[in-house]
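So you can see what is in the structure, the chains are spelled out below.
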Amino acid sequence: MTRTTDTGPHSVTGASAGGPAGAPDGRIPVVVHAPDPLSQAGVLSHLRQHPLIDLVTEEAAGPGAVAVLLAWTLEESTLALLRRLVRSEGARVVLVVSRIREAELLEVVECGAVAIVWRHEATAHRLATAVRAAFRGDGDLPADLLGRLIQQVGALQRSVANRAGPPSSGLTPREADVLRLVAEGLDTGEIASKLSYSERTVKNVMHGLTTRLHLRNRAHAVAYALREGYI
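Residues numbered from 1 in each chain as written. Predicted model: local features only at pLDDT ≥ 70, side-chain atom pairs only at ≥ 80, totals over all residues. Heavy atoms only, no water.

Draft legend 1. Representation of the environment of leucine 52. Locating leucine 52 in the fold gives a position in the loop between helix H1 (37–48) and strand E3 (53–55). On the basis of relative accessibility, which here comes to 37%, the residue leucine 52 falls in the partly exposed class. Counting along the chain gives 80 residues from leucine 52 to arginine 132, while the straight-line C-alpha distance between them is 9.3 Å. (Helix = DSSP H or I, 4+ residues; strand = E, 2+ residues; numbered from the N terminus. Buried < 20%, exposed > 50% of the residue type's maximum accessible area, 1.4 Å probe, protein only.)

Rendered as structure tokens:
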């Protein structure tokens, strides 16, 4: 797996690159993991075009940085790296992949991927959009993949709904409202406008929910809520 070693005009290496709180001028520290040098060079070239992205080494990235992880398919080694980046290094992962099998979809979300981009759609603009969303903590899934996720957990949702007695959601009405809109693909600002909340309130709701239920991010929260029949 090739890692970022770029030293171009928008790169930062060494101790000067920290997590989001220490990023100068609001720039986003990004480390790239690719399976081959050609893929690595292509992603670096795309991301280098964005003035707010700092390309850093893995050692310099720090917790809360964005890790762009490229793969053709999801081998166990890729999933293992995804888990390590999220759980051990505190990275916010953008997964760029050619295809995801049905059996892998929930696992990818539960491993902690914040955003997913199809390789054939990975333009400079699309990658930068996913990186910014991941850095903010917003989920970013392709529309067709979100549809597949909802379909995949549908059977589990119906199973929960058919259990004897009323299900205990474990969610407040406000949390359920926010999660329903997240599942529809709305970002923080759109959710705030829809529910007449401030963006800070929406972020606080999501933070409280993910912390209480030990969920990694918005996509994981939606998968959990759908699977358990909470929304």
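Draft legend 2. Just unusual backbone geometry, in detail. The residue serine 196 is not glycine, and still its phi comes out positive at about 60°. For serine 196, a relative accessible area of 67% puts it in the exposed group. The residue histidine 214 is not glycine, and still its phi comes out positive at about 60°.

Draft legend 3. Expanded view of the layout of surface pockets. What the largest pocket holds in volume is close to 500 Å³. Lining the largest pocket we find 21 residues, and of these Arg92, Gly137, Thr210, Arg216 and Asn217 sit closest to its centre. Contributing elements (two or more residues each) for the lining of the largest pocket: helix H5 (124–136) and helix H9 (199–212). Split into classes, the residues belonging to the lining of the largest pocket amount to six nonpolar, nine polar and six charged. (1 Å grid on protein atoms, 1.4 Å probe; cavity = no way out; pocket = protein on both sides within 12 Å on 5 of 7 lines; lining within 4 Å. Points joined across faces, edges and corners; volume = space filled by probe spheres on them. Nonpolar A, V, L, I, M, F, W, Y, C, P; charged D, E, K, R; others polar.)

Draft legend 4. A look at helix H3 (residues 76–88). In a regular helix each residue adds 1.5 Å, so 13 residues correspond to 18 Å; H3 covers 17 Å between its end C-alpha atoms and thus fits that length. Buried-residue contacts for H3 involve strand E2 (28–34), helix H2 (58–61), strand E4 (66–71), strand E5 (92–97), helix H4 (102–111) and strand E6 (113–118). One or two steps after H3, the chain reaches glycine 90, where phi turns positive at roughly 70°. (Expected span 1.5 Å × (residues − 1). Contact = heavy atoms within 4.5 Å.)

Draft legend 5. The pairing of E6, seen in detail. Counting buried residues along E6, six of its six residues qualify, which places the element largely inside the surrounding structure. Judged from the five bridges that link them, E5 and E6 form a sheet pairing that is parallel. Paired with valine 94 across the bridge in E6 is alanine 115. (Pairing = 2+ DSSP bridges.)

Draft legend 6. Structural view of the environment of glutamate 110. Tracing the chain through its elements places glutamate 110 in helix H4. Look past the residues within four positions of glutamate 110 in its chain and what remains in contact with it is Arg87, Arg216, His220 and Arg227.

Draft legend 7. Structural view of the side chain of threonine 78. Summarising the element assignment, threonine 78 is placed in helix H3. Not counting residues up to four positions away in its chain, the partners in contact with threonine 78 are Leu69, Ala71 and Thr73.

Draft legend 8. Highlighting the packing of helix H7 (residues 173–183) against helix H10 (residues 218–228). Where H7 meets H10, the axes come as close as 10 Å, and the angle between the chain directions of the two elements is 105°. Relative to H10, the element H7 is oriented roughly perpendicular. Residue-level inspection shows Leu179, Val182 and Ala183 of H7 in contact with H10, the latter providing Arg218, Ala221, Val222 and Ala225. Considering only residue class, the contact of H7 with H10 consists of six nonpolar, no polar and one charged. (Axes fitted to C-alpha atoms, helices over the stretch in contact; angles between N-to-C directions. Parallel < 35°, antiparallel > 145°, perpendicular 65-115°, else oblique.)

Draft legend 9. Expanded view of the pairing of E4. With six of six residues buried, E4 lies mostly within the body of the structure. Here E4 shows two buried faces, one formed by Val66, Val68 and Leu70 and the other by Ala67, Leu69 and Ala71. In terms of strand pairing, E2 meets E4 through four bridges, oriented parallel. For valine 30, the partnering residue across the bridge sits in E4 and is valine 66. As judged from the six bridges shared by E4 and E5, these two strands associate in the parallel manner. Across the sheet, valine 68 pairs through a bridge with valine 94, a residue of E5. Handedness of the β-α-β unit built from E4, H3 and E5 comes out right-handed. (Right-handed = clockwise from strand over helix to strand, strands pointing away.)

Function cannot be read off these values alone, since they describe shape.
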